[in-house]
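Observations on the three-dimensional arrangement
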Amino acid sequence: MAFFTEVDAEVAVLRGLLGEDTDAASLPGRVLRLSDTDLAVLVQAAGALRRCAERVEIVGAGVVASRSTRDAGHSGLAQSRGHRSAASFLQEITGGTRSDAHRQIRQGTSLLEEAAAGGSPADDTNAGHPGDDGHDHGGPEDHGCPAGDAEQHGEGAGSGGTPDPGTHRGPGQGETPAITPPWHAPLGAALLSGDLSAAQHDAILRGLGEPPTATATGPTLDHPDDAAAAVADAEAREAWRAAAEQLIAEAARRTVEELASTARTIRDRLDPEGAERRFQERYQRRSFRTWRDRDGIAHASWVFDDEGAAFLEAILAAALRPRLGPRFVDETEKTRAEDLVRDPRSNDQLAYDLLLDILRTGILADPKTVFGTRQPGIRLVTVLTPDGTLAPTGHTEDGLHPLPATVISRRICDTGVIPVTVDSCGNPLDLGRERRLFTPAQRLTLALRDGGCRWHGCDRPASHCEAHHCDEWHADQGRTDIDRGILLCRFHHMQLHHNGWRITRTGKDDFHLHPPGPGEPIPLPPRLSLRYAWGDIDPPPPRFHPAAA
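Note that the coordinates shown come from a computational prediction; the quantities given were computed from them, not determined experimentally.

Turning our eyes to something else, we now look at the pairing of strand β6 (residues 393–396). The two faces of the sheet receive side chains in turn, since in a regular strand these alternate between them. Two elements, strand β5 (residues 380–384) and β6, share two bridges in a ladder whose sense is antiparallel. Considered in β6, the bridge of Val-381 is made with His-395. Relative to strand β7 (residues 402–404), β6 is paired through three bridges, and the arrangement is antiparallel. Bridge pairing links Thr-393 to Pro-404 in β7.

What follows is about the confidence of the model for the protein chain. Taken residue by residue, the protein chain gives an average pLDDT of 76. The fraction at 70 or more is 70%. Confidence drops under a pLDDT of 50 for residues 429–437, and excluding neighbours within four residues, the segment shows 24 contacts in the predicted structure. Between residues 541–549, whose pLDDT stays under 50, and residues either more than four places distant or in other chains, the model counts 47 contacts.

The next subject is the side chain of Gln-79. Positionally, Gln-79 belongs in helix α4 (residues 77–80). Taking the relative accessible area as the measure of exposure, Gln-79 reaches 17% and is therefore buried. With residues near it in sequence (within four places) discarded, Gln-79 still touches Ser-68, Thr-69, Gly-73 and His-74.

Our focus in this paragraph is the packing of aromatic side chains. If you walk through the whole model with that rule in mind, you get four aromatic pairs. Here Phe-3 and Phe-4 contribute two aromatic rings whose centre-to-centre distance is 5.2 Å and whose plane-to-plane angle is 80°, an arrangement assigned as edge-to-face. Of the aromatic side chains, those joined through ring pairs into one cluster are Phe-288, Trp-302 and Phe-304.

All right, on to the sheet that holds strand β12 (residues 522–524) then. Pairing is antiparallel across the open sheet formed by three strands, whose spatial order is β10-β11-β12. Each edge of the open sheet carries a strand with a single partner, namely β10 (502–505) and β12. The average undirected angle you get between the axes of adjacent strands in this sheet is 35°. Two strands pair when backbone bridges link them, and β10 and strand β11 (residues 511–514) are joined in this way by four bridges, in the antiparallel orientation. Along β11, the bridge assignment pairs Arg-505 with Phe-511.

Where helix α8 (residues 185–193) meets helix α9 (residues 198–208), the closest approach of the two axes is 9 Å, and the angle between their N-to-C directions is 170°. With respect to α9, the axis of α8 lies roughly antiparallel. Packed against α8, whose contacting residues are Leu-187, Gly-188 and Leu-191, the element α9 presents Ala-198, His-201, Ile-204 and Leu-205 at the interface. Residues that form the contact of α8 with α9 fall into these classes: five nonpolar, two polar and no charged.

Turning next to the pattern of salt bridges. Applying the stated rule across the entire model yields 18 salt bridges. Of the charged contacts in the structure, one is a salt bridge between Arg-50 and Glu-54, with a shortest N-O distance of 3.7 Å. Of the two residues, Arg-50 and Glu-54 both sit in helix α3 (residues 36–66), four residues apart, roughly one turn of that helix. One continuous salt-bridge network, built from bridges that share partners, spans Glu-250, Arg-253, Arg-254 and Glu-258.

Checked against the element boundaries, Asp-450 lands in helix α19 (residues 440–450). Judged by relative accessible area, which is 0%, Asp-450 ranks as buried. At 2.7 Å, the side chain of Asp-450 forms a polar contact with the side chain of Arg-449. Here the side chain of Asp-450 touches Leu-487 through a polar contact of 3.0 Å, landing on its backbone nitrogen. Once you skip the residues sitting within four places of it in the chain, Asp-450 turns out to touch Ile-486, Leu-487, Arg-527 and Leu-530.

As a further point, take α9. Among the 11 residues that make up α9, nine are buried, leaving the element largely enclosed by the rest of the structure. Three or more residues of α9 are buried, namely Ala-198, Gln-200, His-201, Asp-202, Ala-203, Ile-204, Leu-205, Gly-207 and Leu-208. Of the surrounding elements, those touching the buried residues of α9 are α3, α6 (98–117), α8, α10 (226–250) and α11 (256–270). Where α9 ends, the next residue or the one after it, Gly-209, has phi of about 65°, a positive value.

Each value, and the rule that gives it
- Residues numbered from 1 in each chain as written.
- Predicted model: local features only at pLDDT ≥ 70, side-chain atom pairs only at ≥ 80, totals over all residues.
- Heavy atoms only, no water.
- Pairing = 2+ DSSP bridges.
- Helix = DSSP H or I, 4+ residues; strand = E, 2+ residues; numbered from the N terminus.
- pLDDT = per-residue confidence, 0-100.
- Contact = heavy atoms within 4.5 Å.
- Buried < 20%, exposed > 50% of the residue type's maximum accessible area, 1.4 Å probe, protein only.
- Phe/Tyr/Trp six-rings, centres within 6.5 Å; stacked < 30°, edge-to-face > 60°.
- Axes fitted to C-alpha atoms, helices over the stretch in contact; angles between N-to-C directions.
- Parallel < 35°, antiparallel > 145°, perpendicular 65-115°, else oblique.
- Nonpolar A, V, L, I, M, F, W, Y, C, P; charged D, E, K, R; others polar.
- Salt bridge = Lys/Arg side-chain N within 4 Å of Asp/Glu carboxyl O.
- Polar contact = N/O pair within 3.5 Å; in protein donor to acceptor, adjacent residues only side chain to side chain.

Structure follows, in structure tokens:
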């Protein structure tokens, strides 16, 4: 569909719902009078129209950056209008944040790079050098983020690296240099076609990062000559391109957060050496500082490494479990759980008091006094290769945060391992109908397979979930089998039971969510990063044999 045809179609939908003579001041009243169905159509059309405008804004930001480079000096576009950088200029004319401006520059620059590689005349677009993002490069603080957080804010993540020179022969021309399309070209095409939103595009682009380059460091033991290094670089770019295409195909049924998390997981599996380096870099950034504001109120800023963050999340999940997680608790825990639910403090206040209690009691803390009946811990998941060695990366059971194999190995030495045999889709063995409730072992396997609440679009981790029987125990003579069980957070479990929703499954196919009344069933596919972890999707992982540590 032509760009303005798409714009006109969405404008027509809004005009039909709101009327020809609508002014901005009357919008709240008119929208309040819409039916639920029309309201959903209105919001969907407004979102589609916003995405159209975003595409134009992103391309414009890339061109502004290319015309505001440091080499342009005071004659650059942004500089000639009194701004130090393209981001500063964009922030003023769009009214957005500095982070928004840098994101648009990063995405726009990648689109211009793709256009240049595809043969767009650089003189007409004034695209400049593909890798020039128009930043003043004054440090991470200039990106509106703390020092050392540049990776998370995508500094340099939009660049496709140094293009490979090639040759092609145009009509009536001699051989002229050609540019190999960057690995992220499918992302740009999907953004411009409307198959990806700006947020989805940026999540995948930043999450996958840049492929490692052998040519940048010269010949190595693995690549003893330049030709071998160039082949390795080409293979890396192709792997990144394939991963981008797979994530594009999943984007319509995944949240932006899941796309970002899965992209980071894929990056670590494709580049395990880089995963170790990135883990160490984040570890070096760890910090804790306090300050007082003008009213004398003390504040704190805590930057976590990967392990520290997972450990703190486990502490909070264990202590706040009756509020955040399953309603079904042991009898010995029931009274405390009821007291915690009735506690007038907010979750943030409870978390604050908990951390102070931990600091006061230190290593002499009685776990039941501080944590209740469950002492917190981190369960890590990895897979074994066919020769019995650990895969290059693993992940936390809660949150599915990727971790390098060195961390997994160290934890195995401390705590041992619990082997769980599953197939390539994460399906474990069945245990039958001997018990009404799922056993702890079954809960473990459900957590490994599902990774958290399976309801469409929900991001609650496994520790916040309850095990739901697809077949009712009494009415359907349902079996307490892993195949017939699924993890749901407390809210969605109650939503299902009290509002007429159903979840079904045929054999070991995907689960399906059936809304009350007429309506198409909604597939509930496994979390995307788990499909890569179990080897259900290639690339990147080979077919491993999973085990949990």
